[in-house]
Amino acid sequence: MFRWLPLLAAGCATAMADSPPPIPDLPHGQCENGATGADGYFIGRFTIADGKVTGTETWVLYSNEKWKEKGGRDCSVTWNITGSVSPPGKCTTCSLSFSFHAEPDTASSLCPAEMLNGRRAPTGEIVGGEATPFDQHYDVQVSGTDAKVMFSGSGKTIGTGHYTNGVLDYLSGHQCKFF
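Criteria and thresholds
- Residues numbered from 1 in each chain as written.
- Predicted model: local features only at pLDDT ≥ 70, side-chain atom pairs only at ≥ 80, totals over all residues.
- Heavy atoms only, no water.
- Core = buried A, V, L, I, M, F, W, Y, C linked by side-chain atoms within 4.5 Å.
- Buried < 20%, exposed > 50% of the residue type's maximum accessible area, 1.4 Å probe, protein only.
- Helix = DSSP H or I, 4+ residues; strand = E, 2+ residues; numbered from the N terminus.
- Contact = heavy atoms within 4.5 Å.

A. Quick peek at the nonpolar core. Counting 26 residues, the largest nonpolar core has Phe 46, Leu 61, Phe 98, Tyr 138 and Leu 168 as the members making the most contacts within it. Sorting the residues of this core by element identifies β1 (37-49), β2 (52-63), β3 (75-85), β4 (96-105), α3 (113-117), β7 (134-143), β8 (146-151) and β10 (167-172) as the ones contributing at least two each. In this view, Phe 46 contacts Val 53, Thr 54, Gly 55, Thr 56, Glu 57, Ile 81, Phe 98, Tyr 138, Gly 166, Val 167, Leu 168 and Tyr 170; residues no more than four positions away in its chain are not counted. Residues Tyr 41, Ile 43, Tyr 62 and Leu 171 belong to the second largest nonpolar core, which totals 6 residues.

B. Region of the structure containing the environment of Gly 118. Checked against the element boundaries, Gly 118 lands in the loop between α3 and β5 (119-120). Judged by relative accessible area, Gly 118 falls into the partly exposed class, the value being 21%. In the structure, Gly 118 is positioned 12 residues away from Glu 130 in sequence and 7.2 Å away in space, judged by C-alpha atoms. If we ignore the near neighbours within four places in the chain, the residues touching Gly 118 are Ala 113, Val 127, Gly 128 and Gly 129.

Shown next, in the form of structure tokens:
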């Protein structure tokens, strides 16, 4: 399942600055309930060395038919990660834990500006605005090279992947996102 992750990461590093990262081919088409939305996955790739953490998290969205009718298309948004190794949260059996800050790279995204930056609705509420900076803390259970990534506050699993030679890759489970 993760054979494409190193290729995705390598492609990102060599892509031109104005070219968005390639969108991997993951299962989609499960969010066709008539509402505007997309199938979504999160992909994480972190490098951990000398107590520091760098990397990216990418939210991949596959437009459903209703979103396509309104001009939507498959797209992704990537956050650049900087952080450090830290004590674990809820996971007492985790061999790795880290805290980080994530900054969105909206310039490289083909997602609609409203979805990325938001807009004020006639009611006054902010609609969209999904690409915001955030801080997070992950716990990671490692068994051999297999890795399970969890939110350290709740212990809820984010995704699974691999941890080898200081590089952690993960893929989340499928989710529907409706706008």
